Amino acid sequence: MGDKIEFPFNDQMYFEQAVEYIERNDFEAALVCIEKVYEKDKGTAVNHLYTLILYTLERYDEALDIANEQKNFYVAQEKHATLYTMLLIKNQLFLEAEVLIQDHLTDPPSFYSSEWESLERELNLERELVNFEMEMEKQATKKELAELDSYSPSKQTEIIQKARTLDLEDLQERAAFIFSSPSLSGMAQRAFLELLVEKQDPDQYFFPWFNQQKEVVPREIERFDQVAIVQNLDDILSRKLHKYPSLFEVVKVEMMNDLLLLYPFIEEIVTDIDYWVESYIEHFDFSEQLKLETTPQTNEQLEMEKWLSHLHRVARRNLKTE
């Protein structure tokens with residue numbers, strides 16, 4: 001273990017107990033002891049033993065976190081750098097591990113040459129394993145995507161979130177089916193459209209929207225959270241409801257739900273943001289605290305009133321079916 005380390009009595013006792021437990025291959029008991037020491041002493045010797053115990057218990061992420069608290073200690077000394085590099089590999093930090101391995105393999109042969117060669121083989125094996133697992137996950141996701149209409153609405157959305165790992169070509173193959181299937185929820189269809197938006201898909205599709213089939217080109221559309229009214233909704237409501245905080249969340253939730261229904265054509269419908277927001281406030285201000293009267297004055301506001309009435313009917317219908 002090197003030079004004797006001076007600890008306060010209890011810490012010295014726990015440290016020695018940890019070493020004894022390691023010699024008996026009882027690493028769980030050793031962990032309990034070293035954690036007690038580490039509460040007071042975070043020096044390199046304790047850090048190294050703590051890291052080694054966690055590594056042996058295959059708690060690789062925790063081991064790397066502890067090692068990183070004394071990173072210079074590990075990378076500056078070759079005999080400790082091998083452990084640190086293995087932790088990088090086990091945490092799939094392959095590029096950082098590769099740099100350390102190559103730095104030492106290109107040095108003149110040392111006492112640790114065989115260890116670095118072994119680490120290089122381990123790195124390559126772990127990379128292959130991760131790539132294989134990723135490919136298997138992709139294949140499973142592609143299969144689920146092909147059978148999307150056989151799942152519950154919540155599961156449909158979950159599968160679409162997983163589909164972020166797929167290539168655009170894989171998503172394009174399923175797009176027409178997803179947008180035309182009556183068995184898929186509107187939420188799932190909107191989530192899939194947003195996925196194509198993120199992937200900057202240049203293709204054109206017919207998207208189901210309020211009993212219509214509207215043409216969309218995902219590359220020309222903003223993500224839902226990038227639409228101006230969605231981005232600025234908190235500021236708009238805060239400005240209008242700063243004296244009535246109880247209304248804030250109610251109005252925000254209802255507006256966000258309805259804006260999701262209008263996506264991706266929100267800005268075609270909400271042409272006067274102030275009028276739209278005040279209409280919602282008036283609708284949910286049951287005690288008439290603000291005494292708002294949003295009477296349409298323009299053709300744009302008249303069109304918005306039709307949409308507002310329709311969306312409120314949809315909300316009432318959804319409440320009855322819940």
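What counts, and where the lines are drawn
Residues numbered from 1 in each chain as written. Predicted model: local features only at pLDDT ≥ 70, side-chain atom pairs only at ≥ 80, totals over all residues. Heavy atoms only, no water. Helix = DSSP H or I, 4+ residues; strand = E, 2+ residues; numbered from the N terminus. Rg over C-alpha atoms; globule rule 2.2 N^0.38 Å. Buried < 20%, exposed > 50% of the residue type's maximum accessible area, 1.4 Å probe, protein only. Contact = heavy atoms within 4.5 Å. Areas by Shrake-Rupley, 256 points an atom, 1.4 Å probe, with all protein chains shown as cover. Lys, Arg positive; Asp, Glu negative; His and termini not counted. Charge placed at Lys NZ, Arg CZ, Asp CG, Glu CD. Pairing = 2+ DSSP bridges. Arc of directions from axis to C-beta. Salt bridge = Lys/Arg side-chain N within 4 Å of Asp/Glu carboxyl O. Axes fitted to C-alpha atoms, helices over the stretch in contact; angles between N-to-C directions. Parallel < 35°, antiparallel > 145°, perpendicular 65-115°, else oblique. Left-handed = near helix turned anticlockwise from the far one by under 90°.

Colleague: How do you make sense of the overall build of the chain when you look at a structure like this?
Modeller: Looking only at helices and strands, the chain features 17 helices and two strands. Its C-alpha atoms give the chain a radius of gyration of 30 Å, more than 25% over the compact-globule value 20 Å for 322 residues. Taking the principal axes of the C-alpha coordinates as reference, the chain spans close to 85 × 50 × 35 Å. Burial analysis of the chain (322 residues in total) assigns 39% to the buried set. Summarising the internal contacts of the chain: among those between residues at least 6 apart in sequence, 57% fall at separations of at least 24. Summed over all atoms, the accessible surface of the chain reaches about 18700 Å², with 49% contributed by carbon and sulfur. Charge-centre separation for the chain: the mean point of 33 positive side chains lies 5 Å from the mean point of 64 negative side chains.

Colleague: Help me out: how do you make sense of the pairing of strand β1 (residues 205-209) in this one?
Modeller: Regular strands show a simple pattern: their side chains alternate between the two faces of the sheet. Alternating positions in β1 separate cleanly, Y205, F207 and W209 being buried on one face and F206 and P208 remaining unburied on the opposite face. Sheet topology note: the β1/strand β2 (residues 212-216) ladder contains five bridges and is antiparallel. The residue bridging P208 from the neighbouring strand is Q213, located in β2. Between β1 and β2, which pair antiparallel and follow one another directly, the connecting turn spans two residues, one of which, F210, has a positive phi of 50 degrees.

Colleague: So what exactly am I meant to see when it comes to helix α4 (residues 60-68) here?
Modeller: Note: α-helices contain 3.6 residues per turn, so residues at a spacing of three or four share the same orientation. Three or more residues of α4 are buried, namely Y60, A63, L64, I66 and A67. The buried residues of α4 all sit within an arc of 160 degrees when viewed along its axis, so they share a single face. Looking at the buried residues of α4, the elements they touch are α2 (27-38), α3 (44-56), α5 (71-76) and α6 (78-90).

Colleague: I keep staring at the environment of G186 and nothing clicks. Help me out?
Modeller: Position of G186 relative to the elements: it lies in helix α11 (residues 186-198). Separated by 23 residues in the primary sequence, G186 and W209 have C-alpha atoms spaced 8.6 Å apart.

Colleague: Would you explain the pattern of salt bridges in this entry?
Modeller: Working definition: two side chains of opposite charge can pair if their charged atoms are close together. Inspection of the entire model under this criterion finds 18 salt bridges. Residue K90 pairs with E122 through a salt bridge whose shortest N-O separation is 3.4 Å. Of the two residues, K90 is situated in helix α6 and E122 in helix α8 (residues 113-146); the sequence distance between them amounts to 32 residues. Ionic contacts of the salt-bridge type, sharing partners, join the residues R239, K240, D274 and E278 into one network.

Colleague: Honestly, the environment of V230 in this entry has me stumped. Any pointers?
Modeller: Position of V230 among the secondary structure elements: in helix α12 (residues 228-231). Residue classification places V230 among the buried positions, given a relative accessible area of 11%. The spatial distance from the C-alpha of V230 to the C-alpha of E220 is 18 Å, given a sequence separation of 10 residues. Apart from the residues lying within four places of it in its own chain, the contact partners of V230 are F224, D225, M256, L259 and I266.

Colleague: Please clarify how the side chain of T157 should be interpreted in this entry.
Modeller: When you line up the elements, T157 lands in helix α9 (residues 153-162). On the basis of relative accessibility, which here comes to 16%, the residue T157 falls in the buried class. Not counting chain neighbours up to four residues away, the residues in contact with T157 comprise M187 and A188.

Colleague: Help me out: how do you make sense of the packing of α8 against α9 in this one?
Modeller: When two helices pack together, their arrangement is given by the angle between their axes and by how far apart the axes lie. Look at α8 against α9: their axes get within 10 Å of each other, and the N-to-C directions meet at 140 degrees. The pairing of α8 with α9 is recorded here as oblique in orientation. For the pair α8 and α9, the crossing hand works out as left-handed. Facing T141, E144 and L145 of α8, the residues of α9 in contact are K155, I159, I160 and K162.

Colleague: Just to check I follow, could you spell out unusual backbone geometry for this structure?
Modeller: The bulk of non-glycine residues show a negative phi, and the bulk of peptide bonds are trans. Residue P264 is reached from Y263 by a cis peptide bond, and omega for that bond is 10 degrees. Assignment of secondary structure puts P264 in the loop between α14 (245-262) and α15 (266-269). A positive phi is found at Q200, a non-glycine position, where the angle reads about 55 degrees. Mapped onto the fold, Q200 is located in the loop between α11 and β1. Despite not being glycine, F210 shows a phi value in the positive range, around 50 degrees. Residue classification places F210 among the partly exposed positions, given a relative accessible area of 24%.

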